[in-house]
Amino acid sequence: MSVDTRVDLGGMQLRNPVLTASGTFGYGTEFAPFLDLTRLGGFVAKSLTLEPRFGNPPVRIAEAPAGMLNAISLENVGVDAFIQEKLPALPEGVAVVASLFETEIDRYAEVAKRLTGAPKVVGLEVNASCPHVKSGGIEFGQNPAVLRELVAAVRQATDLPLLVKLSPNVTSIAEMARVCEGEGADGLSLINSVQALEVDPETRRPLLSNVLGGLSGPAIRPIALRMVYQASRAVSIPICGMGGIASAEDAVKFLLCGATAVQVGTLNYLEPSLAGEIADGLVVYAERHGFARLADLTGALELPEGK
Ligand SMILES: Cc1cc2nc3c(=O)[nH]c(=O)nc-3n(C[C@H](O)[C@H](O)[C@H](O)COP(=O)(O)O)c2cc1C
C-alpha cells in the first residue's frame, strides 16, 4: 500500500506532517549536512525580531530530568539578514515557516510584513509564548485580550498562512485557542516550553543566569498531548503539535490527539537526522495499521465510552 503523506496545515500544502521546531534547528543550513531538508514537511526557523538580538548571558542551558531548561531569550540575526543571507543559502524545495517574535505588537506586525513574499517562506508562526522573554511582565499568550490584539495585528499585516504558537503556561488552553481562531489564525502550534526552575544545592543558586527558563524534551510530552487534545476540541483550525517528540510513535500520539502536523524540537540536538526518520516511520506505522493517508490519523484517538 502506498500511503498519502500530504497534509494541509492551515493552507500550507506540506509533503508530510513532520516539521522541526523553532530554535532547535537554526536556520536550516546547520542541519543540511545531516538531513536532506526536502524530506521534511517543512522547518520552522529560529524566531526573528526586527533587529538582531543577542539573548541572555550564559548560563542559558541546563540539563533536566528527561529534557532540558533553556533561557536563550531569542538570540537571532534579525529579519532582514534572514531574508538576505539565510533563505538564499537553503536548497530549492525546502518549505520554510518563518517564526517571529517582538516586544511590541506593531513591531510583530512589521516583521510579518517584511517576511511576506520572501522566497521559500510558505507560512508564518507567531511566537506568542516565549516563557523567559516578557513584555509588560507577561507573556503575550497569557492574556486573552493581549493575544487577541496581537493576532489581529499580524493577521492584518500578512496574507501568508498564519500559525499562532501558544504558551502552555496558562490556565485554559482552549480559551486561548478560541481567541486565535476568532482573530483569523489559520492554525495553532503548541506547545512552547514550560516555565521551570532548576537549582544547584551546593552553590544555592539557580542553574540559569535568567533564574527561570523553559523546560522542553520528553519530560513535557504528556502535558503537550493534553493541550493538543483540549485545543483540538475547542477549535476547528488545524494544530501543529510538539513537546518531547523522540520517535514516530510519539508523533503518532500527537496526530491521534488531534494534531494535523508535528514538530521535532529538543531531540534534534541528540540526533540531527531524527525528523527525517520520523517522517519515514509514520509511513511504516500507517501501513501497519491500514491508514491510506497520514491525514486520517488526525483525531483518531479511541476514547472510553462517554468521554
Ligand atoms: C534551545 C531552545 C530554543 C528555542 N527557541 C525557540 C524560539 O526561538 N521560538 C519558539 O517559538 N520556540 C523556541 N523553542 C521552543 C521549541 O520550539 C518547542 O516549542 C519546545 O522546545 C517544545 O518542543 P520539544 O520538547 O520537542 O523541544 C526553543 C526550544 C529550545 C530547547
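If you're wondering where the values come from, they're calculated on a predicted model, not measured in any experiment.

Draft legend 1. Geometry of the overall build of the protein. Looking only at helices and strands, the protein has eight helices and 16 strands in total. Expected size for 307 residues packed as a compact globule is a radius of gyration near 19 Å; at 18 Å, the protein falls within 12% of this value. Referenced to the eigenvectors of the C-alpha coordinate spread, the extents of the protein come out at roughly 55 × 45 × 40 Å. Taking all 307 residues of the protein together, the buried fraction comes to 55%. Partitioning the contacts of the protein with sequence separation of at least 6, the portion at a separation of at least 24 is 71%. Surface accessibility of the protein: about 12,600 Å² in total, with carbon and sulfur atoms responsible for 52%.

Draft legend 2. Looking closely at the site of the ligand. Surrounding the ligand, one finds 23 residues, the nearest of these being S22, S47, G217, G244 and T266. Contacts to the ligand include S47, whose side-chain N or O atom sits 2.7 Å from a nitrogen atom. Within the contact set of the ligand, an oxygen atom lies 2.6 Å away from a side-chain nitrogen or oxygen of T266. Burial of the ligand by the surrounding chains reaches 98%, relative to a free accessible area of 610 Å². In terms of residue class, the shell around the ligand is made up of eight nonpolar, 13 polar and two charged.

Draft legend 3. The arrangement of the packing of aromatic side chains in detail. One pass over the structure, following the stated rule, counts six aromatic pairs. Taking 5.6 Å as the distance between ring centres and 50° as the angle between the ring planes, the aromatic pair formed by F25 and F43 counts as tilted. Residue F25 is located in the loop between β3 (18-20) and β4 (42-44), and its partner F43 is located in strand β4; the two are separated by 18 residues in the primary sequence. F43 matches F25 in its accessibility class, with the two residues each being buried. Each residue in the set F25, F31 and F43 is aromatic and connected to the rest through ring pairs, giving one cluster.

Draft legend 4. Molecular detail of the sheet that holds strand β11 (residues 194-196). Pairing is antiparallel across the open sheet formed by four strands, whose spatial order is β5-β6-β14-β11. Each having just a single partner strand, β5 (61-64) and β11 make up the two edges of the open sheet. Averaged over all pairs of adjacent strands, the angle between strand axes in this sheet comes to 35°, irrespective of strand direction. Bridging between β11 and strand β14 (residues 213-216) involves three bridges; their strand directions are antiparallel. The residue of β14 that forms the bridge with A196 is G213.

Draft legend 5. Local environment of the sheet that holds strand β9 (residues 162-165). In space, the eight strands of this closed barrel follow the order β3-β4-β7-β8-β9-β10-β15-β16, with parallel pairing throughout. Between one strand axis and the next, the sheet turns by 25° as a mean value, whatever way the strands run. Of the pairings in the sheet, the one linking strand β10 (residues 187-190) to strand β15 (residues 239-242) comprises three bridges and is parallel in character. Bridge pairing in β15 places S189 opposite C240. Across the sheet, helix α8 (residues 274-289) touches β3 and β16 (261-264), and the angle it forms with β3 is around 170°.

Conventions used here
Every chain's residues receive numbers from 1 upward, in the order its sequence appears when written. With pLDDT at 70 or above as the cut-off, local features in this predicted model cover only qualifying residues; side-chain atom pairs require 80 or more to be listed or tallied, and sums for whole chains, interfaces and linings still use all residues. To get the side-chain values, take all heavy atoms of the structure and skip hydrogens and water. Think of it this way: any DSSP run of H or I at least four residues long counts as a helix, any run of E at least two long counts as a strand, and we number them from the N terminus. Only C-alpha atoms enter the radius of gyration, while the globule expectation follows 2.2 Å times N to the 0.38, with N the number of residues. Accessible area is worked out with a 1.4 Å probe on protein chains only. A residue is then buried under 20% of its type maximum, exposed over 50%, and partly exposed in between. Pairs of residues are marked as contacts when any of their non-hydrogen atoms sit within 4.5 Å. Here the open area of atoms and residues is found with the Shrake-Rupley method and a 1.4 Å probe, where only the protein chains shown may cover a residue. If even one non-hydrogen atom of a residue comes within 4 Å of a molecule or strand, that residue is called near it. Any pair of nitrogen or oxygen atoms within 3.5 Å is treated as a polar contact; in protein, a donor-acceptor pairing is required on top of that, and neighbouring residues in sequence qualify only through side-chain atoms on both sides. Note on residue categories: nonpolar means Ala, Val, Leu, Ile, Met, Phe, Trp, Tyr, Cys or Pro, charged means Asp, Glu, Lys or Arg, and polar means any other residue, Gly included. When two rings of Phe, Tyr or Trp (its six-membered ring) have centres within 6.5 Å they constitute a pair, described as stacked for plane angles under 30 degrees, edge-to-face for angles over 60, and tilted for the intermediate range. At least two bridges found by DSSP between two strands is the condition for calling them paired. For helices, the axis comes from a line fit to the C-alpha atoms of the stretch in contact; other axes are also lines fit to C-alpha atoms, and the angle between any two N-to-C directions lies between 0 and 180 degrees.

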